[in-house]
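Listed here are the chains, written in short residue letters.
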Amino acid sequence: MKNMRFTKMHGLGNSYIYIDMFKQTIEEEKLPQLAIEVADKNKGIGSDGMILVCPSEVAPVKMRIFNNDGSEAKNCGNGLRCVAKFAYEHGYVNENSFEIETLAGKVKATVHVEGEQVHSVSVDMGKPILSRNQIPMVGRDQEKVVDELFLIDEHSVRVTAVSMGNPHVIMFVNEIQEAPVEEIGPSMEKDERFPDWVNVEFVEVVSESEIYFRVWERGSGITQACGTGACAAVVASVLNGYSQKGQEVTVHLLGGDLLITWQENGHVIMRGAAEVICEGVFERK
Ligand SMILES: N[C@@H](CCC[C@H](N)C(=O)O)C(=O)O
């Protein structure tokens, strides 16, 4: 098909072009290039990537996410909240709580509705993955990677690694404004110690219930927000003794706030906004 209907949505400024695959089909091999084209801010629509809202055999809806370099990731926190809003408002689900399939497994979303519209969404993101080989991160010790010394370019930093279905490496800094996002982000993202590459996050701890957060995303570079990254940052805060399980943490991202709790049962709960920017037709070449 040539012309493609899209909805541009964002979660705290982390924007994607959402394609309704209940109503359209796109050739599988064309998806990576299409993500690059729609995300282009000069010749496309402009976004951090592309998300497909698909039928699923195991849940009412499935999310697939492509970064703006065309790479496909297994999970996306801000995307999950927007997919939940999209599925609810388009009538693909009838309940306020429902499952969403991702390449990393199923999660449960709950939409919070005012009138006919979803204004925010809570997602049970499941349990974080902490063992080194499953992040995946190279190294002999297969235990958790917590506050580990890591030499990158001329910097010596301490890292904690967490997978939320996609890989994250977290560094704690004293001043979030001074975080070396552009300096360290690109080389750490593609460092060979992370075989699948990695999302790179910087965190300033204010208190056990409040942190500041900035991100260099794998496949997209600097974005306004990263939902899975914010979940990983709260898990890392607990692992490093800055917070505790069961404590709700307000995460201040460039694009707004998320509320995140790493529960005693091991599940991470994320709550935040999901918004529609515009709808339209993209003319494919
Ligand atoms: N922005 C997302 C994460 C998108 C995928 C990520 N860049 C990756 O490659 O793993 C989020 O909100 O979680």
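Residues numbered from 1 in each chain as written. Predicted model: local features only at pLDDT ≥ 70, side-chain atom pairs only at ≥ 80, totals over all residues. Heavy atoms only, no water.

S.K.: I'd like a rundown of the overall build of the chain, residues and numbers included.
M.R.: Across its full length, the chain holds four helices and 18 strands. Taken over C-alpha atoms, the radius of gyration comes to 18 Å for the chain, in line with the 19 Å a tight globule of 285 residues would show. Seen through its principal axes, the chain has C-alpha atoms that stretch 50 × 40 × 35 Å. The buried share of the chain, taken over its 285 residues, is 54%. At a minimum sequence separation of 6, the contacts of the chain that also span at least 24 residues come to 61%. With the model as given, the accessible surface of the chain reaches about 12500 Å², and the carbon-plus-sulfur share is 44%. Averaging the coordinates of the 27 positive side-chain charges in the chain and doing the same for the 42 negative ones gives two points 5 Å apart. (Helix = DSSP H or I, 4+ residues; strand = E, 2+ residues; numbered from the N terminus. Rg over C-alpha atoms; globule rule 2.2 N^0.38 Å. Buried < 20%, exposed > 50% of the residue type's maximum accessible area, 1.4 Å probe, protein only. Contact = heavy atoms within 4.5 Å. Areas by Shrake-Rupley, 256 points an atom, 1.4 Å probe, with all protein chains shown as cover. Lys, Arg positive; Asp, Glu negative; His and termini not counted. Charge placed at Lys NZ, Arg CZ, Asp CG, Glu CD.)

S.K.: Provide a residue-level description of helix α3 (residues 181-189), including the pertinent values.
M.R.: Every buried residue of α3 is accounted for by Val-181, Ile-184, Gly-185, Met-188 and Glu-189. Looking down the long axis of α3, one finds its buried residues gathered within 120° of arc, a one-sided arrangement. Exposed residues on α3 whose side chains face more than 90 degrees from its buried face are Glu-182 and Glu-183. Looking at the packing, one finds that the buried side of α3 touches β9 (145-152), β10 (155-163), β11 (167-172), β12 (199-207), β13 (210-217) and β14 (221-222). (Arc of directions from axis to C-beta.)

S.K.: Quick rundown of the UniProt feature "binding site: substrate" (unreviewed entry) in the chain? Include the residues and the values.
M.R.: Residues annotated in UniProt with the feature "binding site: substrate" (unreviewed entry) correspond here to Asn-14, Asn-67, Gly-77, Asn-78, Asn-166, Asn-199, Glu-217, Arg-218, Gly-227 and Thr-228. Of the residues annotated just before, the largest cavity has Asn-14, Asn-67, Gly-77, Asn-166, Asn-199, Glu-217, Arg-218, Gly-227 and Thr-228 among its lining. One can find Asn-67 in strand β4 (residues 61-67). With residues up to four places along the chain from it excluded, the contact list for Asn-67 reads Ala-35, Asp-48, Gly-49, Ala-73, Glu-217, Arg-218, Gly-219 and Ser-220. Looking at the secondary structure, you find Thr-228 in helix α4 (residues 227-239). In this structure Thr-228 touches Asn-75, Cys-76, Gly-77, Met-125, Met-164, Asn-166 and His-168, once residues within four positions along its chain are discounted. (UniProt positions renumbered as here; feature names shortened; annotations may be inferred. 1 Å grid on protein atoms, 1.4 Å probe; cavity = no way out; pocket = protein on both sides within 12 Å on 5 of 7 lines; lining within 4 Å.)

S.K.: Can you break down the pairing of strand β3 (residues 49-54) residue by residue, with the values?
M.R.: The buried fraction of β3 amounts to six of the six residues, a majority that puts the element mostly inside the structure. Of the two faces of β3, the one lined by Gly-49, Ile-51 and Val-53 and the one lined by Met-50, Leu-52 and Cys-54 are each fully buried. With four bridges connecting them, strand β2 (residues 14-20) and β3 associate as parallel partners. Across the sheet, the residue bridging to Ile-19 is Leu-52, located in β3. Following the chain from β2 across helix α1 (residues 31-39) to the adjacent parallel β3, one finds a crossover that is right-handed. As consecutive antiparallel partners, β3 and β4 are separated by six residues. (Pairing = 2+ DSSP bridges. Right-handed = clockwise from strand over helix to strand, strands pointing away.)

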